[in-house]
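Structural overview for review
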Amino acid sequence: METKTHSTSLVQVCQNCKKKFIIEAEDFSFYGKIKIPPPTFCPDCRFQRRLLFRNNRVFYKRECALCKKPIIGLYNKDRPYIVYCYDCWFSDKWDVMNYGRDYDFSVPFFTQFQALQKAVPRANLYRDNFVLSDYCNYGLDFKECYLLFGGKGNERVSFGNQVVDSRDSLDIAFSEKIEFSYENFECMRTNKLFFSRYSQDCIDSSYLIDCRNCLNCFGCVGLVNKQYYIFNEQYSKEEYQNVLKEINQGSFKSHIENLKKVNELKLKIPHRYARIYKSVNSDGDDLSETRNTHMSFSSRQTEDAKYLFYIRSHAKDCYDTSFQGWNSELVYEIAHGFGGSNIAFGMRNIFNQDARYSEECRDSSNIFGCEGLRKKSYCILNKQYTKEQYEELLPKIIKHMNDMPYIDQNGRIYKYGEFFPSELSPFAYNETIAQEYFPLTKEEALEQGYKWEDGENRNYKVDIENKDIPDHIKDVEEDIVNKVIACEHSGKCKDQCTEAFKIIPEEFKFYKRMTLPLPRLCPNCRHYQRINSRNPMKLWDRACMCDKERHFHEKDKCVVEFKTTYAPDRPEIVYCEKCYQQEIY
Ligand SMILES: [Zn+2]
Ligand SMILES: [Zn+2]
Ligand SMILES: [Zn+2]
Ligand SMILES: [Zn+2]
Ligand SMILES: [Zn+2]
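**Examining helix α5 (residues 237-247)**
- Among all positions of α5, only Tyr240, Leu244 and Ile247 are buried. The buried residues of α5 all sit within an arc of 55 degrees when viewed along its axis, so they share a single face. The outward face of α5, more than 90 degrees from its buried face, is lined by the exposed residues Glu238, Lys245 and Glu246.
- If you follow the buried residues of α5, they end up packed against β13 (203-209), β14 (215-221), β15 (227-230) and α6 (252-266).
- Asn248, located one to two residues past α5, shows a positive phi value of around 60 degrees.

**Remarks on the coordination of the zinc ion (ligand 2)**
- Within the protein, Cys64 (SG), Cys67 (SG), Cys85 (SG) and Cys88 (SG) serve as the donor atoms for the zinc ion (ligand 2), at 2.3 to 2.4 Å.
- Every donor counted, the four donor atoms about the zinc ion (ligand 2) form angles of 99 to 116 degrees at the centre, which fits tetrahedral coordination.
- Counting residues between consecutive donors of the zinc ion (ligand 2) along the chain gives the motif C-x2-C-x17-C-x2-C.
- The exposure class of Cys64 is buried, given its relative accessible area of 0%.

**Overview of the coordination of the zinc ion (ligand 1)**
- Surrounding the zinc ion (ligand 1) are the protein donor atoms Cys14 (SG), Cys17 (SG), Cys42 (SG) and Cys45 (SG), at 2.3 Å.
- Metal-centred angles of 102 to 116 degrees between the four donor atoms at the zinc ion (ligand 1) mark the site as tetrahedral.
- The sequence pattern describing where the donors of the zinc ion (ligand 1) fall on their chain is C-x2-C-x24-C-x2-C.
- On the basis of relative accessible area, Cys17 is assigned to the partly exposed category, the value being 28%.

**Considering unusual backbone geometry**
- You will see that Asn225, though not glycine, has its phi angle at about 55 degrees, which is positive.
- By the element assignment, Asn225 lies in the loop between β14 and β15.

**Details of the sheet that holds strand β25 (residues 365-368)**
- The mixed open sheet is built from ten strands, whose spatial order is β18-β19-β20-β21-β22-β23-β24-β25-β26-β27. Either end of the sheet is taken by a strand with one partner, and the two such strands are β18 (276-277) and β27 (383-384).
- Strands β19 (284-294), β20 (296-312), β21 (315-325), β22 (328-338), β23 (340-350) and β24 (353-362) of the sheet are contacted by helix α1 (residues 25-34), whose axis makes an angle of about 90 degrees with β22.

**Considering the pairing of strand β1 (residues 10-13)**
- The pairing of β1 with strand β2 (residues 20-23) spans four bridges and is classified as antiparallel. For Gln12, the partnering residue across the bridge sits in β2 and is Phe21.
- As consecutive antiparallel partners, β1 and β2 are separated by six residues, and within that stretch Lys18 has a phi angle of approximately 65 degrees, a positive value.

**Things to note about the pattern of salt bridges**
- Enumeration over the complete set of coordinates arrives at 51 salt bridges.
- The shortest N-O distance in the salt bridge between Arg49 and Glu418 comes to 3.3 Å. Of this pair, Arg49 sits in helix α2 (residues 43-51) while Glu418 sits in the loop between β29 (413-414) and α8 (434-437), placing them 369 residues apart in sequence.
- Residue Arg49 is classed as buried on the basis of its relative accessible area of 3%.
- On the accessibility criterion, Glu418 (4% relative accessible area) is buried.
- Three or more residues joined by partner-sharing salt bridges are found here, namely Arg46, Arg49, Arg50, Asp320, Glu333 and Glu418.

**Examining empty space enclosed by the protein**
- All told, the structure shown has six cavities of 30 Å³ or more when counted by the stated rule.
- What lines the largest cavity is a set of 16 residues, and nearest its centre among them are Arg54, Tyr138, Gly151, Trp326 and Phe338.
- When contributions to the lining of the largest cavity are tallied by element, the ones reaching two or more residues are β8 (137-143), β9 (146-164) and β22.
- Of the residues forming the lining of the largest cavity, the biggest block, four residues, is contributed by β9.
- Taken together, 13 residues make up the lining of the second largest cavity; nearest its centre are Glu186, Met188, Gln200, Asp286 and Arg300.
- Sorting the residues of the lining of the second largest cavity by element identifies β10 (167-179) and β20 as the ones contributing at least two each.

**Comments concerning the layout of surface pockets**
- Roughly 870 Å³ of volume is contained in the second largest pocket.
- What lines the second largest pocket is a set of 32 residues, among which Phe21, Pro43, Asp44, Met295 and Tyr307 lie closest to the centre.
- Residue assignment for the lining of the second largest pocket shows that the elements contributing at least two residues are β2, α2, β20 and β32 (540-543).
- Looking at the lining of the second largest pocket element by element, the count peaks at six residues for α2.
- For the lining of the second largest pocket, the class distribution of residues is 16 nonpolar, four polar and twelve charged.

**Remarks on the environment of Asp285**
- Examined against the element boundaries, Asp285 turns out to sit in strand β19.
- The exposure class assigned to Asp285 is buried, which follows from its relative accessible area of 9%.
- If sequence neighbours within four positions are ignored, Asp285 has contacts with Ala274, Arg275, Ser296, Phe297, Ser298 and Thr565.

**Regarding the environment of Cys220**
- Looking at the element boundaries, Cys220 is found in strand β14.
- Judged by relative accessible area, Cys220 falls into the buried class, the value being 0%.
- A C-alpha to C-alpha distance of 9.6 Å links Cys220 and Lys261, two positions 41 residues apart in sequence.
- Apart from residues lying up to four places away in sequence, Cys220 is in contact with Tyr207, Leu208, Ile209, Cys211, Tyr229, Ile230, Phe231, Asn232, Val262 and Leu265.

Scoring rules and cut-offs
- Residues numbered from 1 in each chain as written.
- Chains lettered and ligands numbered in written order.
- Predicted model: local features only at pLDDT ≥ 70, side-chain atom pairs only at ≥ 80, totals over all residues.
- Heavy atoms only, no water.
- Buried < 20%, exposed > 50% of the residue type's maximum accessible area, 1.4 Å probe, protein only.
- Helix = DSSP H or I, 4+ residues; strand = E, 2+ residues; numbered from the N terminus.
- Arc of directions from axis to C-beta.
- Contact = heavy atoms within 4.5 Å.
- Donors = N, O, S within 2.8 Å, 3.2 Å for Na, K, Ca; no water.
- Tetrahedral: all angles 85-135°; square planar, octahedral: opposite > 155°, others 65-115°.
- Pairing = 2+ DSSP bridges.
- Axes fitted to C-alpha atoms, helices over the stretch in contact; angles between N-to-C directions.
- Salt bridge = Lys/Arg side-chain N within 4 Å of Asp/Glu carboxyl O.
- 1 Å grid on protein atoms, 1.4 Å probe; cavity = no way out; pocket = protein on both sides within 12 Å on 5 of 7 lines; lining within 4 Å.
- Points joined across faces, edges and corners; volume = space filled by probe spheres on them.
- Nonpolar A, V, L, I, M, F, W, Y, C, P; charged D, E, K, R; others polar.

Below, the structure written as structure tokens:
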């Protein structure tokens, strides 16, 4: 199908939120290249819709529908899906092509795909090469990990998400090459780094924000190549060691004080407008090695791309894609997957080519509306066609999707060129990571036509009340392991809170060895706290706030403008890259 090219931008009204959004001339050339009509949802609503198809961490007990072994999986028993254990799903005890069906020109495409989703068995979790890592999901090569969601190449990492090539660490998110560290968010190459954010190449340090190449630093913001600094002040080695002794590490009370102090310091130190490294013509945040990449976040090695989130290891010509990468090219509206080329509208597309509207398919090409395929070509709704038949049928289906669109209960119209309607997500809104980035109350979610899961009434018998956790780790005895501890947020209307948690043996040893206080929150609340500490994934047009005379600005103040995740009413001092470099380095 032909997409008209526009030489100018076009203002559209979003079908979902009814707000205006702009489709730029460059966007039309991308839509032309991938031969898909321009979107009718705004970028934020498209992002939210994709996130609705990813349940990282809400698990249910059920049994494998084939071998009947008890399993944990992502699907509530009430949902109309057939769930196999991972071994059965990958075995040849069943044939995914047996579920193939003719395309029915009297029923909208999405209704037919929904029926296929309910018929084809799905794996309980998404995992490749996991060793002793049962309670983990969306990962590759995990060993002895626990409650770790997303990432690859991790050993003994627990309570984290989106972690790559790390080991022996707890409570890590969006980080890479982390060792013996705790509570790191968006950090890289750290060793014994605790309670820190946006820091790289830091060792034996705590409470760092946006520091690089620091050793023995405590409570510092924006430092580079420093040693023996406490709250951004230089000490001698002996002084440093003495002050640190007084700080009473291992006490939860002093931990809270330290956090407060470093957050106060953060308001006095300039921040770079965005953390964009080794990149050309790119905007967003937490980007490196990107070219012509716009409105994108937490991504590496991307080119000619827009609206990305968490893309790794090379992607070119990609729009509206999250949790993807690995040498992918010409990708549009993929919720998560690996690699591939000319793929659009999919969940778990793994190294496919020329694919549209498919879920959990791998190493396949020329597939449309397929579920669970491996190494297949020329299939529609899991039915095998010849190349000629496929090429003849496909344009008719696309025309049918436009002539008989799917209309959801809120009146949103889904033609060819739209991602899957939210009803096709196997998950309730609050089971998915949409709730992390676009939080809704139950009422709001239901009103907007999303499913909601009330969760089990847990009624844990609490062994230790939150206030009774010893303040200092030195006073915690080993018998605390596996006791039920009340979460600090318990009963405080935090939807994600599991009310109570346990300390596992490895975790206990880690806190003792590193002299860290026991956490007061359940793993879910800790996770949400980390996610909420990041700036929103939105960009504002602002100007540099620097008025330093010694910078030789052309006027009395720097006039450089940029796109930043710091909203104009935020209290931080925000500088352009040049002024930031002059101040910090
Ligand atoms: Zn919208
Ligand atoms: Zn099984
Ligand atoms: Zn909690
Ligand atoms: Zn400036
Ligand atoms: Zn300046």
